[in-house]
Amino acid sequence: MSNFLQVNNIQIIYQTPTEETMAVKDVSFSVEEGQFVSIVGPSGCGKSTLLSCIASLTTQQKGLILLQGKDIKTQRSDIGYMLQSDNLMPWRSIYKNVLIGLEIRNQLTQENIEYVNSLLKKYGLWQFKDSFPARLSGGMRQRVALIRTLAIKPKILLLDEAFSALDYQTRVNVSRDVFSILRKENKTLVMVTHDIPEAISMSDKVVILSARPSVVKKELNIELCDIDPVNRRNHPAFQGYFNTIWKELSQ
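Residues numbered from 1 in each chain as written. Predicted model: local features only at pLDDT ≥ 70, side-chain atom pairs only at ≥ 80, totals over all residues. Heavy atoms only, no water.

Draft legend 1. Up close: the sheet that holds strand β5 (residues 70-71). A sheet is described by the order of its strands in space; here ten strands give the open sequence β5-β4-β1-β2-β10-β9-β3-β8-β7-β6, paired in mixed fashion. The two strands at the open ends of the sheet, each matched to only one other strand, are β5 and β6 (79-82). In terms of strand pairing, strand β1 (residues 3-15) meets strand β4 (residues 62-67) through five bridges, oriented antiparallel. Looking at the pairing, Val7 lines up with Ile65 of β4. Against the sheet, helix α8 (residues 238-250) contacts β3 (36-40), β9 (205-209) and β10 (214-221), and its axis sits at roughly 170° relative to β10. (Pairing = 2+ DSSP bridges. Helix = DSSP H or I, 4+ residues; strand = E, 2+ residues; numbered from the N terminus. Contact = heavy atoms within 4.5 Å. Axes fitted to C-alpha atoms, helices over the stretch in contact; angles between N-to-C directions.)

Draft legend 2. The arrangement of unusual backbone geometry in detail. Here the amide bond leading from Arg212 into Pro213 is cis, since omega sits at -5°, within 30 degrees of zero. Following the sequence through the fold, Pro213 ends up in the loop between β9 and β10. The phi torsion at Asn87 lies on the positive side, around 55°, for a residue other than glycine. Its location among the elements puts Asn87 in the loop between β6 and α2 (94-104). On the basis of relative accessible area, Asn87 is assigned to the partly exposed category, the value being 46%. (Buried < 20%, exposed > 50% of the residue type's maximum accessible area, 1.4 Å probe, protein only.)

Draft legend 3. Spotlight on helix α4 (residues 138-150). Between its first and last C-alpha atoms α4 spans 19 Å; for 13 residues at 1.5 Å apiece the expected length is 18 Å, and the two agree. The element α4 is extensively covered by neighbouring structure, given that twelve of its 13 residues are classed as buried. Those residues of α4 lying buried are Gly139, Met140, Arg141, Gln142, Arg143, Val144, Ala145, Leu146, Ile147, Arg148, Thr149 and Leu150. Of the surrounding elements, those touching the buried residues of α4 are β6, α2, α3 (110-122), β7 (156-160) and α5 (168-184). (Expected span 1.5 Å × (residues − 1).)

Draft legend 4. Looking closely at the layout of surface pockets. Its boundaries defined by the atoms lining it, the largest pocket holds a volume of some 550 Å³. Along the walls of the largest pocket sit 20 residues, with Ile79, Gly80, Tyr81, Thr149 and Ile152 positioned nearest its centre. Residue assignment for the lining of the largest pocket shows that the elements contributing at least two residues are β6, α2 and α4. Ranked by the residues each element gives to the lining of the largest pocket, the list is headed by β6, at four residues. Of the residues that constitute the lining of the largest pocket, the class distribution is eleven nonpolar, five polar and four charged. (1 Å grid on protein atoms, 1.4 Å probe; cavity = no way out; pocket = protein on both sides within 12 Å on 5 of 7 lines; lining within 4 Å. Points joined across faces, edges and corners; volume = space filled by probe spheres on them. Nonpolar A, V, L, I, M, F, W, Y, C, P; charged D, E, K, R; others polar.)

Draft legend 5. Spatial organisation of the side chain of Arg143. Mapping Arg143 onto the fold places it in helix α4. A distance of 2.8 Å separates the side chain of Arg143 from the backbone oxygen of Tyr123, its partner in a polar contact. Those residues in contact with Arg143 that lie beyond four places of it in its chain are Tyr123, Gly124, Leu125, Asp177 and Ile181. (Polar contact = N/O pair within 3.5 Å; in protein donor to acceptor, adjacent residues only side chain to side chain.)

Draft legend 6. Highlighting the pattern of salt bridges. Taken as a whole and assessed by the stated rule, the structure comprises twelve salt bridges. The structure contains a network of salt bridges with shared partners spanning Arg171, Asp195 and Glu198. (Salt bridge = Lys/Arg side-chain N within 4 Å of Asp/Glu carboxyl O.)

Draft legend 7. Up close: the packing of aromatic side chains. For the structure shown, the criterion picks out three aromatic pairs. Here the aromatic rings of Tyr95 and Trp126 are separated by 6.3 Å at their centres, their planes lie at 90°, and the arrangement is edge-to-face. Here Tyr95, found in helix α2, pairs with Trp126, found in the loop between α3 and α4; they are 31 residues apart in sequence, far enough to count as distant. (Phe/Tyr/Trp six-rings, centres within 6.5 Å; stacked < 30°, edge-to-face > 60°.)

Draft legend 8. Examining the side chain of Ser38 more closely. On the secondary structure map, Ser38 appears in strand β3. A polar side-chain atom of Ser38 sits 2.5 Å from a polar atom in the side chain of Ser203. Residues contacting Ser38, with those up to four places away along its chain left out, are Met191, Thr193, Ala199, Ser203, Lys205, Val206 and Val207.

Draft legend 9. Just the nonpolar core, in detail. Ranked by internal contacts, the top residues of the largest apolar core, which has 36 residues, are Val116, Leu146, Leu159, Phe163, Val178, Leu182 and Leu189. Every element with two or more residues in this core is listed here: α2, α3, α4, β7, α5 and β8 (188-192). Ignoring any residue separated from it by four or fewer positions in sequence, one finds Val178 in contact with Leu146, Leu159, Phe163 and Met202. Of all hydrophobic cores here, the second largest spans 28 residues; its members include Val37, Ile39, Ile72 and Ile79. (Core = buried A, V, L, I, M, F, W, Y, C linked by side-chain atoms within 4.5 Å.)

Draft legend 10. Local environment of the packing of α2 against α4. Two elements in contact, α2 and α4, have axes separated by 7 Å at closest approach and are oriented at 35°. Between α2 and α4 the crossing geometry is right-handed. Contacts from Ile94, Asn97, Val98 and Ile100 in α2 reach Val144, Ile147 and Arg148 in α4. A per-class count over the contact of α2 with α4 returns five nonpolar, one polar and one charged. (Left-handed = near helix turned anticlockwise from the far one by under 90°.)

Structure below.
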């Protein structure tokens with residue numbers, strides 16, 4: 001597999017009228033097509049800001065981000081972005097919530113509508129399509145948010161602490177659901193998380209950042225690619241990965 005996403009020598013500086021603070025000093029890593037990569041690091045090290053740069057919502061001061069060899073700023077329509085909140089509109093049905101991205105892009109074609117219908121049926125939400133968000137559990141709402149993101153057929157998905165608002169059991173179950181759906185849909189994923197077990201259970205690779213101003217301390221390949229996220233947590237190698245990441249974050 002080739003480098004699908006390349007993050008090259010990124011530097012990010014927070015600016016106020018009176019001072020500048022360097023959040024990200026020099027960060028480089030790559031993501032292969034179909035690969036799941038998690039970014040972890042101490043609080044305040046610029047993880048989410050870095051993800052915003054990949055999403056072209058924030059501009060870095062230095063460096064370049066390439067998607068399939070092209071500047072990612074020219075490919076915003078190929079990026080799906082999920083935040084902590086599902087951001088479902090309470091006055092719209094589940095079906096209309098899922099279609100909203102296509103509406104905004106003026107892409108409500110028969111082909112795209114059929115694709116959305118297939119996703120809702122495949123992933124157990126079709127029977128709830130006429131319900132409103134308030135009737136769904138937190139886990140189901142996140143599944144709806146994911147399908148809303150997939151509806152626009154992005155080349156890459158970015159998740160920023162997407163499960164952190166959920167209780168522990170729901171969080172583990174939803175991470176398993178998201179892992180399964182994205183594998184089946186053959187998507188590429190970059191995820192920011194502060195949860196080390198979550199990073200290990202969902203990722204092919206974990207990028208560990210230092211404290212601010214951040215650099216890449218280590219890239220750790222997770223050799224558990226074909227194992228369900230819940231079962232990964234019981235794998236004999238899991239504790240070793242956890243200890244390695246914890247050590248890097250603690251230094």
